[in-house]
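Chain and residue survey
Chain residues, written in single-letter form:
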Amino acid sequence: MRLLIVTPAPKGSRKGNRITADRWARMLRQLGHRVSVADAFHDQACDVLIGLHARKSSVSIRRYRAARPQGRLVVVLTGTDLYHDLPQNLAARKSIELADRLVVLQPQALRAFPRELRSKARVIVQSADGIARHSVPRGDVFEVCVVGHLRPVKDPFRAALAVRRLPAESRIVISHLGAALTPGIAIRARAEMQRNPRYRWLGDLPHVQALRVLARSQVLVNSSKMEGGANAICEALACGVPVLSSRIDGSIGLLGKDYPGYFETGNTRQLTDLLHRFEADAAFRSRLKSDCQELAPLVEPQREFAAWRQLLTEL
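Let me begin by describing the structure that accompanies this report. Fair warning: this is a prediction, and the values are worked out from it, not measured in the lab.

Attention shifts here to the overall build of the protein chain. The number of helices and strands found in the protein chain is 12 helices and 12 strands. Here the C-alpha atoms of the protein chain give a radius of gyration of 20 Å, agreeing with the 20 Å that 2.2 N^0.38 yields for 315 residues. Structurally, the protein chain occupies a C-alpha span of about 65 × 40 × 35 Å along its principal axes. Sequence-distant contacts in the protein chain: of pairs separated by 6 or more residues, those separated by 24 or more amount to 69%. Just so you have it, the protein chain exposes about 14,000 Å², and 50% of that area is on carbon and sulfur atoms.

The following block contains the structure:
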């Protein structure tokens, strides 16, 4: 089939939506389809439109449905869609009503849909490359990784604030990977580095280099206020790196409700305590590593391939 993936992030962007769209395009080509990626629908020839982001791609979704009433339409829901836009944005709600299938990235997301629409929703957990699984941690420090562009929904400085409170003997340092999306937040990141010797902002590294930093780290911290299903968590699982995460649906859907590495969103003290415990308590560290190793099959590429194959077969 001819597939068109529409994403709000333009070609060359390093934002998560574009990286996801390009990765899916490569995968779907391997399944034998002809795939294009665009930032909007302008009457391109396609049998299936895959709209990434219900609100931001809503114009393309409506335009496609009007032009191709018999065409197949898949809408992929992001965290912003699920936990911010759907309750209050008419365009986002119209997108999911028009869709033949809805895709979410973890099972907790199904709770965000009206009951009558859940039958057309499918869960496809993003896969990740575990090639760097056996990377060796740094010996000079206890490296903690934060992955994500610096924007408010990611609560990007929560880990930096948490490590300020650690005891002097702690060897923890934060390596923060991601672009600053505004000049003001870049100024704050640089000021944090000046003030906080445990915090290093490494900027927007190429993906392969970022993956190496993640894979050598002792633990990933995900402090987001909302996520559809964080790709950084999927990559950590693939690399054998345990996770400390804010207690949000997007993380619970991947790690499970009983996972012991949660802190309440925005709670600096809880994150400080978790980091200190993870560094000092070998049994706790071993438990988180074991739990994440058991979850690793969720992010195997074959599983995601099979889920997309099944979805497209349904269409």
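From this point, the narrative continues.
Taken as a whole and assessed by the stated rule, the structure comprises 22 salt bridges. Between Arg247 and Glu264 there is a salt bridge; the shortest N-O distance is 2.8 Å. Residue Arg247 is located in the loop between β11 (243-246) and α9 (249-255), and its partner Glu264 is located in the loop between β12 (262-263) and α10 (268-280); the two are separated by 17 residues in the primary sequence. Under the relative-accessibility criterion, Glu264 is labelled partly exposed at 35%. Linking Arg287 and Asp291 is a salt bridge whose minimum nitrogen-to-oxygen distance equals 3.9 Å. Pair noted here: Arg287 and Asp291 are both in helix α11 (residues 282-295), with a separation of four residues, about one helical turn. Accessibility expressed as a relative area gives 45% for Arg287, which makes it partly exposed.

A complete count under the given rule lists one cavity of 30 Å³ or more for this structure. Considering the residues around the largest cavity, the lining is formed by Val146, Val147, Gly148, His149, Lys154, Pro156, His176, Val221, Asn222, Ser223 and Ser224. Within the residue set of the lining of the largest cavity, elements represented by two or more residues are β7 (142-147) and β10 (219-222). Taken together, the residues of the lining of the largest cavity sort by class into four nonpolar, six polar and one charged.

Turning next to the sheet that holds β10. Judged by pairing direction, the sheet is parallel, and its six strands sit side by side in the order β9-β8-β7-β10-β11-β12 without closing on themselves. Two strands bound the open sheet, and with one partner strand each, they are β9 (199-203) and β12. Two strands pair when backbone bridges link them, and β11 and β12 are joined in this way by two bridges, in the parallel orientation. By the bridge assignment, Ser245 is partnered in β12 with Tyr262.

Our focus in this paragraph is helix α4 (residues 90-98). Among the residues of α4, those classed as buried are Ala92, Ser95, Ile96 and Leu98. Looking straight down α4, one finds its buried side chains confined to an arc of 165°; they lie on one side. Those residues of α4 hidden inside the fold are in contact with α2 (58-67), β4 (72-76), α3 (79-85) and β5 (101-104).

On to the packing of α10 against α11. At a minimum axis distance of 5 Å, the contact between α10 and α11 shows a crossing angle of 100°. Considering their axes alone, α10 and α11 lie roughly perpendicular with respect to each other. Residue-level contacts link Leu274, Arg277, Phe278, Glu279 and Ala280 of α10 to Ala282, Phe284, Arg285 and Leu288 of α11. Residue composition of the contact of α10 with α11, by class: six nonpolar, no polar and three charged.

Even without a glycine there, the phi angle at Asp43 is positive, about 65°. The topology assignment puts Asp43 in the loop between β2 (34-38) and β3 (48-52). Asp43 sits in the exposed class, given a relative accessible area of 52%. A positive phi is found at Asp155, a non-glycine position, where the angle reads about 45°.

On the secondary structure map, Ser60 appears in helix α2. Separated by 2.9 Å, the side chain of Ser60 and the backbone nitrogen of Phe41 make a polar contact.

What follows concerns α11. Relative to the 20 Å expected for 14 residues at 1.5 Å per residue, α11 spans 20 Å between its end C-alpha atoms, a close match to the ideal helical length. Among all positions of α11, only Phe284, Arg285, Leu288, Cys292 and Leu295 are buried. The buried residues of α11 occupy an angular sector of 100° when the element is viewed end-on, so they sit on one face. α11 presents Ala283, Gln293 and Glu294 as exposed residues on the side facing more than 90 degrees away from its buried surface. Buried residues in α11 make contact with β7, α8 (231-239), β11, α9 and α10. Between the side-chain oxygen at the start of α11 and the backbone nitrogen of Ala283 there is a gap of 3.1 Å, and the oxygen is on Asp281.

For the pair helix α1 (residues 16-30) and helix α12 (residues 301-314), interaxial distance at closest approach is 10 Å and the crossing angle is 70°. Taken together, the axes of α1 and α12 lie roughly perpendicular to each other. Residues Arg23, Trp24, Met27, Leu28 and Gln30 of α1 lie in contact with α12, whose contacting residues are Glu304, Phe305, Trp308 and Leu312. Residue composition of the contact of α1 with α12, grouped by class: six nonpolar, one polar and two charged.

Rules used throughout
- Residues numbered from 1 in each chain as written.
- Predicted model: local features only at pLDDT ≥ 70, side-chain atom pairs only at ≥ 80, totals over all residues.
- Heavy atoms only, no water.
- Helix = DSSP H or I, 4+ residues; strand = E, 2+ residues; numbered from the N terminus.
- Rg over C-alpha atoms; globule rule 2.2 N^0.38 Å.
- Contact = heavy atoms within 4.5 Å.
- Areas by Shrake-Rupley, 256 points an atom, 1.4 Å probe, with all protein chains shown as cover.
- Salt bridge = Lys/Arg side-chain N within 4 Å of Asp/Glu carboxyl O.
- Buried < 20%, exposed > 50% of the residue type's maximum accessible area, 1.4 Å probe, protein only.
- 1 Å grid on protein atoms, 1.4 Å probe; cavity = no way out; pocket = protein on both sides within 12 Å on 5 of 7 lines; lining within 4 Å.
- Points joined across faces, edges and corners; volume = space filled by probe spheres on them.
- Nonpolar A, V, L, I, M, F, W, Y, C, P; charged D, E, K, R; others polar.
- Pairing = 2+ DSSP bridges.
- Arc of directions from axis to C-beta.
- Axes fitted to C-alpha atoms, helices over the stretch in contact; angles between N-to-C directions.
- Parallel < 35°, antiparallel > 145°, perpendicular 65-115°, else oblique.
- Polar contact = N/O pair within 3.5 Å; in protein donor to acceptor, adjacent residues only side chain to side chain.
- Expected span 1.5 Å × (residues − 1).

Any link to function would need more than the numbers given here.
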